[in-house]
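The chain contents come next:
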Amino acid sequence: MDWSAPHIGFVLASYGISAAVLGGLIVAVIVQNRLARRKLDELEGRQAARRRSANEVEAT
Amino acid sequence: MKTFLCLVRRELVLTLRQGGGAGMALGFFLTVLVLLPLGIGPDLKLLQRLAPGALWITLLLSVLLSTDRIFGPDYEDGSLELMTMGPMPLELVVVGKAFAHWLGTGLPLAVLAPGLGVLLNLDSALFLPLLAAMVLGSLSLSLLASLGAAVTVGIRKGGMIVSLLILPLYVPILIFGVAATSAVIGVPELMGPSMLILAAISLVSLVVAPVAAAAALRSHMT
Amino acid sequence: MQKYANPTRFNAIAGAVLPWCAGLTVLLFAVGLYLGLVEAPQDYQQGETVRIMFVHVPAAWMAMATYTVMALASAVAIIWRHPLADVAAKTAAPIGACFTFLALVTGSLWGKPMWGTWWVWDARLTSVFVLFLLYLGYIAIWQAIEEPTRAARIAAIVALVGFVNIPIIKFSVDWWNSLHQPASVLKVGGPAIHSSILIPLLIMAVAYTMLFLTLHLVAMRTEIMKRRIHNMERAEVAG
């Protein structure tokens, strides 16, 4: 690629913004996935704990 | 048929009583027509060139202004649910309401537009084409507006979403409407085809809009 | 298709497929970018700016392909009530909106050196702009309606109506342009594209497609988790 060609700025801007937007999208999708997983694990833990204590109550 | 006319009459009476129909749309129309030259400049030749497009855009926006009136009140007080259980299929109810909306908003504006176009120095040769095209086009505007209203009924900030959803649907009507209007001074052979396409769009909307709107209303009410 | 209706099953399949999709995406991008930026020659007319094609055209293709996926999923949701269909539609929208945004911006950046203006109202660009509005409206509907089943059906209707409208708009603007711009017919691409340009373009197009597939699968898994969270939180409150 000829770095001194005219209008090279437009090319760089295009690739730059594409990288920025797609990168941001990838990060957002992954982060939301991780957050949901964490929340779900937390809720499942609480649910399991409640079931265990309910079983204990039943047993007595 | 009697039930249909009954519904249309009811809508028109309610609109007149509440005063939110043609009066409000007309007021908005006039306001925009005052603002346009103030924003663009008093150059009469320029205004004349812009007049058809400006009038059509103002018509589009004015029709959109009153969409929450179509289903909103009836949805809130439960009348809409009663209508779904009535003798008329919900699709026809939508047609009736859209028709009444047209009679109350689109049609009066279409009739008044040529006269108001004088404010924008509209070429007098365009008066009749403008009237015809707007009468033809405003029916589909009301039908599509009722589709937007049905989709957003009961949603807060529904008014903003309606514009976002319906204005893209208005694009073909705008394009062919302006073409039909200004054909006389541009390319006269285009007037016929453009008017026909406007009529076709109205007919297609008459079928598609009520079906989709009824489906949306049912989703909201279950 | 009912086989994949079970979210757990979907999660299992998605989990198996994802690493391959992600890996392929990276590979394709690497190859495509190398071929496009290093190997491909300058265009004798456009110079280096022809390389913008490699990020603009795939983005535009994906913008339209994603909306098609959304519309298909919406149709499936309405007709067959497949439980994952509205998940597919909902999660595709933000990704599609990003592609559309990129198509518009890179198109503008390509247009300025080539045609001299940042924007022209030809049928293709106008349709992409309207497509962007359709994405925004669709996303807004999901945000605005709280009850998930209701939101799903309304959104599906919105997606389908929009999908029908796109060709109508393209036709209308094409017609309008033929009236107003008889002289300059803006042809993006021009005569037959040489293979040294075509191959990187196609590779990048497939790369973008794999990127969409990867992100879409992840997003669908996230959405399924969010619905389980929603249900569990409601059950907790109900005690």
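Conventions adopted
- Residues numbered from 1 in each chain as written.
- Chains lettered and ligands numbered in written order.
- Predicted model: local features only at pLDDT ≥ 70, side-chain atom pairs only at ≥ 80, totals over all residues.
- Helix = DSSP H or I, 4+ residues; strand = E, 2+ residues; numbered from the N terminus.
- Rg over C-alpha atoms; globule rule 2.2 N^0.38 Å.
- Buried ≥ 20, exposed ≤ 12 C-beta atoms within 10 Å, placed from the backbone.
- Contact = placed C-beta atoms within 7 Å.
- Nonpolar A, V, L, I, M, F, W, Y, C, P; charged D, E, K, R; others polar.
- Axes fitted to C-alpha atoms, helices over the stretch in contact; angles between N-to-C directions.
- Left-handed = near helix turned anticlockwise from the far one by under 90°.
- Core = buried A, V, L, I, M, F, W, Y, C linked by C-beta atoms within 7 Å.
- Expected span 1.5 Å × (residues − 1).
- Bend = angle between axes of the 7 residues up to and from the residue.
- Parallel < 35°, antiparallel > 145°, perpendicular 65-115°, else oblique.
- pLDDT = per-residue confidence, 0-100.

Here we come to the overall build of chain A. Scanning chain A from terminus to terminus reveals one helix and zero strands. Here the C-alpha atoms of chain A give a radius of gyration of 25 Å, more than 25% beyond the 10 Å that 2.2 N^0.38 yields for 60 residues. Its C-alpha atoms give chain A principal-axis dimensions of about 85 × 15 × 5 Å. Looking at chain A as a whole, 12% of its 60 residues are labelled buried.

Across its full length, chain C holds six helices and zero strands. Secondary structure elements in chain C, listed N-terminal to C-terminal, are α-α-α-α-α-α. Across its three principal directions, the C-alpha atoms of chain C cover 70 × 40 × 30 Å. Classification of the 239 residues of chain C by burial places 43% in the buried group. Counting only contacts in chain C whose residues sit at least 6 apart along the sequence, the fraction spanning at least 24 positions is 79%.

The assembly contains two pairs of chains in contact; the pair sharing the most contacts is chains A and C. Contact between chain A and chain B is absent, and the least distance between their C-alpha atoms amounts to 23 Å.

Contacts between the two partners involve 18 residues from chain B and, on the opposite side, 22 residues from chain C. Elements represented by at least two residues in the side of chain B that touches chain C include exactly α8 (158–182) and α9 (191–221) of chain B. Here the element with the most residues in the side of chain B that touches chain C is α8(B); it accounts for ten residues. Counted by class, the side of chain B that touches chain C contains 15 nonpolar, two polar and one charged residues.

Turning our attention to the interface of chain C and chain A. Taken together, the 32 residues of chain C in the interface contact 27 residues of chain A. Contributions of two or more residues to the side of chain C that touches chain A are made by α1 (7–39), α2 (53–80), α3 (85–115) and α6 (195–238) of chain C. Considering each element in turn, the side of chain C that touches chain A owes the most residues, twelve residues, to α6(C). For the side of chain C that touches chain A, the class distribution of residues is 19 nonpolar, six polar and seven charged.

Another point: the packing of helix α3 (residues 44–65) of chain B against α8(B). Residue and element names in this part refer to chain B. Relative to each other, α3 and α8 sit at 145°, their axes nearing to 9 Å. For the crossing formed where α3 meets α8, the hand is right-handed. For the pair α3 and α8, the contacting residues are P52, G53, W56, I57, L60 and L64 in the first and V162, S163, I166, Y170, L174, G177, V178, T181 and S182 in the second. Its residues assigned to classes, the contact of α3 with α8 comprises ten nonpolar, five polar and no charged.

The biggest cluster of nonpolar side chains holds 147 residues, and the ones touching the most others in it are A150(B), A89(C) and V158(C). In this view, A150(B) contacts F71(B), V94(B), A213(B), A216(B) and L217(B); residues no more than four positions away in its chain are not counted.

Residues and elements named next belong to chain B. For helix α7 (residues 127–152), with 26 residues, the first-to-last C-alpha span of 36 Å sits near the 38 Å given by 1.5 Å per residue. A bend of about 25° at G137 is the largest found in α7. The element α7 is largely enclosed, with a buried count of 21 among its 26 residues. Positive phi appears at G154, one or two residues downstream of α7, with a value of about 80°.

In this section: the packing of α3(C) against α6(C). Residue and element names in this part refer to chain C. Running from N to C, α3 and α6 cross one another at 125°; their axes reach a closest spacing of 9 Å. Looking at the two axes, α3 sits oblique to α6. Like other packed secondary-structure pairs, α3 and α6 cross with a definite hand, here right-handed. Residues V87, A88, K90, T91, A92 and I95 of α3 touch α6, and the partners they reach there are F212, L215, H216, A219, M220, E223 and I224. Among the residues making up the contact of α3 with α6, the classes are represented as nine nonpolar, two polar and two charged.

Bringing helix α4 (residues 68–77) of chain B into the picture now. Residues and elements named next belong to chain B. Among the residues making up α4, those that are buried are R69, I70, F71 and D74. Buried residues belonging to α4 abut α5 (79–84), α6 (90–116), α7 and α9. G78 sits one or two positions beyond α4 and adopts a positive phi of about 90°.

All names here are of chain B. Among the structural elements, P108 can be located in helix α6. For the pair P108 and L26, spaced 82 residues apart in sequence, the C-alpha separation works out to 8.4 Å. In contact with P108, other than residues within four places in its own chain, are A22 and L26.

A word on unusual backbone geometry. The phi angle at N121(B) is positive, at roughly 60°, despite the residue not being glycine. Structurally, N121(B) can be placed in the loop between α6 and α7. Here R81(C), not a glycine, exhibits a phi torsion of approximately 55°, which is positive. Its place among the elements puts R81(C) in the loop between α2 and α3. Among the residues examined, R81(C) registers 12 C-beta atoms within 10 Å and is labelled exposed.

This paragraph deals with the confidence of the model for chain C. Residue and element names in this part refer to chain C. The share of residues in chain C with pLDDT of 70 or more is 91%, and the mean pLDDT across the chain is 86. By mean pLDDT, helix α5 (residues 148–180) is the weakest element of chain C at 87, and α2 is the strongest at 94. Low pLDDT, under 50, characterises residues 182–186; the predicted model gives this stretch three contacts beyond four residues in sequence or across chains. The complex model carries a pTM of 0.88, and its ipTM stands at 0.86.

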